[in-house]
Amino acid sequence: MNITEKFLKYGSTSLEQSELLEVLLYLAGVKNAQTKSKKLLEKYADIYNILAVDNNFIENEKGINVKFLILKKLINDFCSEIQYYNLKSKGEVLNKVDKVIEFFKKKSTYMNNEYFNILFLNINYEIICYETVSKGTIDRSIVFMRTLISKTIYCNAKNIIITHNHPSGNIRPSQEDIKITHKILEGLKLFDINLIDHIIVGKNDYFSFVEGGLL
């Protein structure tokens, strides 16, 4: 029984990560899928990292084609939206960092630019919506207070959690990060809106301004 037959009969849980990745590569028409699967896993550690990593990182890998990039992005985006849907539809109370960190880690950990995200919450800390409000360069993200506040008011949010990623992997906040956070905090107070936390996401860890005593 080959891998595809095994997958069709028993499902994805019956396969090792290398076999799952091999199936994806095979569907994309990548030659030597088994060998390529092993090489990608050696470099990125697991299949979840490969799916999450920005296409800019992986498109130059020898043997990778456009079909695989499309398939990878489709799966990653779909899984992310499913996770968001589940959080929202179940009415999860998101007033602690551990409830949101996995969602944003999967969305931005392997991006090669900084993305600044807002999670809008109602008075009961339930999700209203989320949005990426700015995309920065590789080491900096510009936050527009007017945009942030206007979107928060438009969503009728009482609480927000802000996150951004550090492509370098260093999760320590810069002086600019701290300055922007305090500026946002003071600006939101004028409209009786609470900043619950600011979370910086790295490749293997995160930094919470609340847990770090900076908020």
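Residues numbered from 1 in each chain as written. Predicted model: local features only at pLDDT ≥ 70, side-chain atom pairs only at ≥ 80, totals over all residues. Heavy atoms only, no water.

I118, L148, I160, I184 and L188 are the most contacted members of the largest nonpolar core, which totals 18 residues. Listed by contribution, the elements that provide at least two residues to this core are β1 (115-121), β2 (127-135), α8 (145-154), β3 (159-165) and α9 (175-189). When residues of this core are assigned to their parent elements, the largest contribution, four residues, is made by α9. Listed in part, the 17 residues of the second largest apolar core include V30, L40, I64 and F68. (Core = buried A, V, L, I, M, F, W, Y, C linked by side-chain atoms within 4.5 Å. Buried < 20%, exposed > 50% of the residue type's maximum accessible area, 1.4 Å probe, protein only. Helix = DSSP H or I, 4+ residues; strand = E, 2+ residues; numbered from the N terminus.)

Residues I153, L190 and F191 make up a contiguous nonpolar surface patch of roughly 330 Å² in combined accessible area. On the secondary structure map, L190 appears in the loop between α9 and β4 (194-201). (Patch = residues over 30% accessible without salt bridge, like charges linked within 9 Å, V, L, I, M, F, W, Y side chains within 5 Å. Areas by Shrake-Rupley, 256 points an atom, 1.4 Å probe, with all protein chains shown as cover. Salt bridge = Lys/Arg side-chain N within 4 Å of Asp/Glu carboxyl O.)

Look at helix α3 (residues 33-44): 16 Å from first C-alpha to last across 12 residues, which is about the 16 Å you get at 1.5 Å a residue. Those residues of α3 that fall on the buried side of the exposure criterion are A33, K36, S37, L40, L41 and Y44. Mapping the buried residues of α3 onto a view down its axis gives an arc of 130 degrees, with all of them on the same face. For α3, the exposed residues set more than 90 degrees away from the buried face come down to K39, E42 and K43. One or two positions beyond α3, positive phi appears at A45, with a value near 80 degrees. (Expected span 1.5 Å × (residues − 1). Arc of directions from axis to C-beta.)

Moving on to the packing of helix α2 (residues 17-27) against α3. At their nearest, the axes of α2 and α3 sit 8 Å apart, and the two run at 125 degrees to each other. Here α2 lies oblique to α3, going by the angle between them. Viewed along their axes, α2 and α3 form a crossing whose handedness is right-handed. Contact residues: Q17, S18, L21, E22, L25 and Y26 in α2; A33, Q34, K36, S37, L40 and L41 in α3. Classifying every residue of the contact of α2 with α3 by side-chain character gives six nonpolar, four polar and two charged. (Axes fitted to C-alpha atoms, helices over the stretch in contact; angles between N-to-C directions. Parallel < 35°, antiparallel > 145°, perpendicular 65-115°, else oblique. Left-handed = near helix turned anticlockwise from the far one by under 90°. Contact = heavy atoms within 4.5 Å. Nonpolar A, V, L, I, M, F, W, Y, C, P; charged D, E, K, R; others polar.)

Our focus in this paragraph is the packing of aromatic side chains. Taken as a whole, this structure holds one aromatic pair when the rule is applied. Judged by centre distance (5.6 Å) and plane angle (80 degrees), the ring pair of F207 and F209 falls under edge-to-face. As far as burial versus exposure is concerned, F207 and F209 are alike and both buried. (Phe/Tyr/Trp six-rings, centres within 6.5 Å; stacked < 30°, edge-to-face > 60°.)

The next subject is the sheet that holds β3. As summarised here, the arrangement of the five strands in space is β2-β1-β3-β4-β5, forming an open sheet in which the pairing is mixed. The open sheet terminates on both sides in strands that have one partner only, identified here as β2 and β5 (206-208). Shown here is a sheet whose adjacent strand axes are inclined to one another by a mean of 20 degrees, direction ignored. Relative to β3, β1 runs antiparallel, the two being bridged by six bridges. In the strand pairing of β3, L121 is matched with N159. Contacts from α8 reach β1, β2 and β3 within the one sheet, and its direction differs from that of β1 by about 25 degrees. (Pairing = 2+ DSSP bridges.)

With that settled, consider the confidence of the model for the protein chain. Averaged over the protein chain, the pLDDT score is 82; the fraction of residues at 70 or greater is 84%. The least confident element of the protein chain is helix α7 (residues 101-108), whose mean pLDDT is 65; the most confident is β4, at 91. (pLDDT = per-residue confidence, 0-100.)

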